[in-house]
Amino acid sequence: MKVTVYNCRAFDEKELFEKYGKEMGVELVLCPDAPDMENAALAKGSACIDIITSPMPGELLEAFAKVGVKYVTTRTIGYDHIDVKAAKELGMTVANAPYGPYGVADYAVMLILMTIRKMKRIIERTNIQDFSLKGIQGRELKDLTVGVIGTGRIGRRVLENLSGFGCNRIAYDLYENDEVKGAGVPYVTLDEMWRRADVITLHAPLTNDNYHMINEQAIAKMKDGVMLVNTARGGLIDSQALIAGIESGKIGGAGLDVVENEFGLYYYDHKSDILNNRELAVLRGFPNVTVSHHMAFYTDDYVVTVVRDSLLGCKYFMEGRENPWEV
């Protein structure tokens, strides 16, 4: 059994891949680079490839299919970077490697707190020994209504985390969850969410139907000074509308772990590069916007889980066994 691993990080993943590969009897080809047309040949002889968030359009999947790849697994929960339709047409199986919800949920609450307490401004001032108070007066969660969009595993953990802060919690999801209702959190419509929430945190997958769900029209319906947190997918928010809302003061602050058009930027060192993402540059420049590089998931537990389970999924596939990670 042979698996080709792309985007393999030497500093945290390599040792784990070698450990689990040996335990599972899987031969590994470890490549530090993202999969592309030039290195697809590395996968010759491998039934499976193991990737992270690199885009996998139809033409690239076809190149892998030609060298014999039948199974593509991503070391992420989301798989919107893979053209699943094209993969199926090529006879390829797509799988993911879900990790525990706690890391992202904790991070989301951290961003909420940082945003309402203006932590970016505080840190920047402290770094230059400006210990003044004007302009950094924050708010308390107990006085706010927090709206959670998406009540899957992560959204539910965020609601649970928030329960100890005394804030009013409301939720939106296409599919209402009994656990959420049992915790006393009411489901509301999106229009009611926009109207009532002081803070909105996103925990929904990106689909064609919810692309740019937070747009100019939605922002116009929100409270003045609303604060937005996104640890899900950048495409849920229209970046241009977000920038306009911040510049007008309609949006009081944002905590963003994801942004639009981030593929090819994050997880690489671009210190000396001109980035081809103007919206990201603008957002980073605002004093009331905290931007991190899509790493809310990044914990000890995450790394072990995705390396182990992505390889285990490959093993199950090659052995013809039932695979819980197929999408």
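Residues numbered from 1 in each chain as written. Predicted model: local features only at pLDDT ≥ 70, side-chain atom pairs only at ≥ 80, totals over all residues. Heavy atoms only, no water.

Points about unusual backbone geometry
Step number 1: In this structure, Asn7 takes a positive phi of about 55° despite not being glycine.
Step number 2: Relative to the helices and strands, Asn7 resides in the loop between β1 (2–5) and α1 (14–24). (Helix = DSSP H or I, 4+ residues; strand = E, 2+ residues; numbered from the N terminus.)

What about helix α10 (residues 239–248)?
Step number 1: Those residues of α10 not exposed but buried are Ser239, Ala241, Leu242, Ile243, Gly245 and Ile246.
Step number 2: For α10, the N-terminal capping position is held by Asp238, with its side-chain oxygen 3.0 Å away from the main-chain nitrogen of Gln240. (Buried < 20%, exposed > 50% of the residue type's maximum accessible area, 1.4 Å probe, protein only. Polar contact = N/O pair within 3.5 Å; in protein donor to acceptor, adjacent residues only side chain to side chain.)

A closer look at the packing of aromatic side chains
Step number 1: The full count for this structure, using the stated rule, is nine aromatic pairs.
Step number 2: Plain terms: the ring middles of Phe297 and Tyr298 are 6.3 Å apart, the flat faces sit at 75° to each other, and that makes the pair edge-to-face.
Step number 3: Note on Phe297: relative accessible area 11%, which makes it buried.
Step number 4: Note on Tyr298: relative accessible area 35%, which makes it partly exposed.
Step number 5: With centroids separated by 6.0 Å and ring planes inclined at 15°, the aromatic side chains of Tyr316 and Trp325 adopt a geometry described as stacked. Of the two residues, Tyr316 and Trp325, neither departs from the other in class, the shared state being buried.
Step number 6: Every member of this aromatic cluster is reached through a ring pair, and the members are Tyr99, Tyr267, Phe297, Tyr298 and Tyr302. (Phe/Tyr/Trp six-rings, centres within 6.5 Å; stacked < 30°, edge-to-face > 60°.)

Focus on the pairing of strand β9 (residues 226–230)
Step number 1: Taken across its five residues, β9 has five buried, putting it largely inside the fold.
Step number 2: Residues Val226, Leu228 and Asn230 line one face of β9 and the alternating positions Met227 and Val229 line the opposite face, and both faces are buried.
Step number 3: On the question of chirality, the crossover connecting strand β8 (residues 199–202) to the parallel β9 by way of helix α9 (residues 216–221) is right-handed.
Step number 4: Pairing geometry for β9 and strand β10 (residues 251–256), over five bridges, is parallel. Looking at the pairing, Val226 lines up with Ile251 of β10.
Step number 5: On the question of chirality, the crossover connecting β9 to the parallel β10 by way of α10 is right-handed. (Right-handed = clockwise from strand over helix to strand, strands pointing away. Pairing = 2+ DSSP bridges.)

Quick word on the UniProt feature "domain: D-isomer specific 2-hydroxyacid dehydrogenase NAD-binding" (unreviewed entry) in the chain
Step number 1: Mapped onto this structure's residue numbering, the UniProt feature "domain: D-isomer specific 2-hydroxyacid dehydrogenase NAD-binding" (unreviewed entry) falls at residues 109–296.
Step number 2: Note that residues 109–296 is 34% helix and 15% strand, and that its end C-alpha atoms are spaced 11 Å apart. (UniProt positions renumbered as here; feature names shortened; annotations may be inferred.)

As for the side chain of His203
Step number 1: With respect to the element layout, His203 can be found in the loop between β8 and α9.
Step number 2: A polar side-chain atom of His203 sits 2.7 Å from a polar atom in the side chain of Thr201.
Step number 3: Other than its neighbours up to four places away in sequence, His203 contacts Ala108, Val148, Ile149, Gly150, Ile154, Gly155, Val158, Thr231 and Ala232. (Contact = heavy atoms within 4.5 Å.)

Comments concerning the pairing of β10
Step number 1: Judged by how many residues are buried, β10 sits mostly within the fold: five of six residues are covered.
Step number 2: With three bridges connecting them, β10 and strand β11 (residues 289–291) associate as parallel partners. Among the inter-strand pairings, Ala254 is bridged to a residue of β11, identified as Val289.
Step number 3: Taking the sense of rotation as the criterion, the β-α-β connection linking β10, helix α11 (residues 278–285) and β11 turns out right-handed.

Quick word on the UniProt feature "domain: D-isomer specific 2-hydroxyacid dehydrogenase catalytic" (unreviewed entry) in the chain
Step number 1: The positions UniProt marks with the feature "domain: D-isomer specific 2-hydroxyacid dehydrogenase catalytic" (unreviewed entry) are residues 14–327.
Step number 2: Taken end to end, residues 14–327 is 37% helix and 14% strand, and its two terminal C-alpha atoms sit 26 Å from one another.

Considering helix α2 (residues 58–66)
Helical periodicity: at 3.6 residues per turn, an α-helix aligns residues three or four positions apart in one direction.
Step number 1: The set of residues buried in α2 consists of Gly58, Leu60, Leu61, Ala63 and Phe64.
Step number 2: The elements touched by buried residues of α2 are β3 (48–51), β4 (71–74) and α3 (84–89).
Step number 3: Where α2 terminates, the next one or two residues include Gly68, which has phi positive at roughly 105°.

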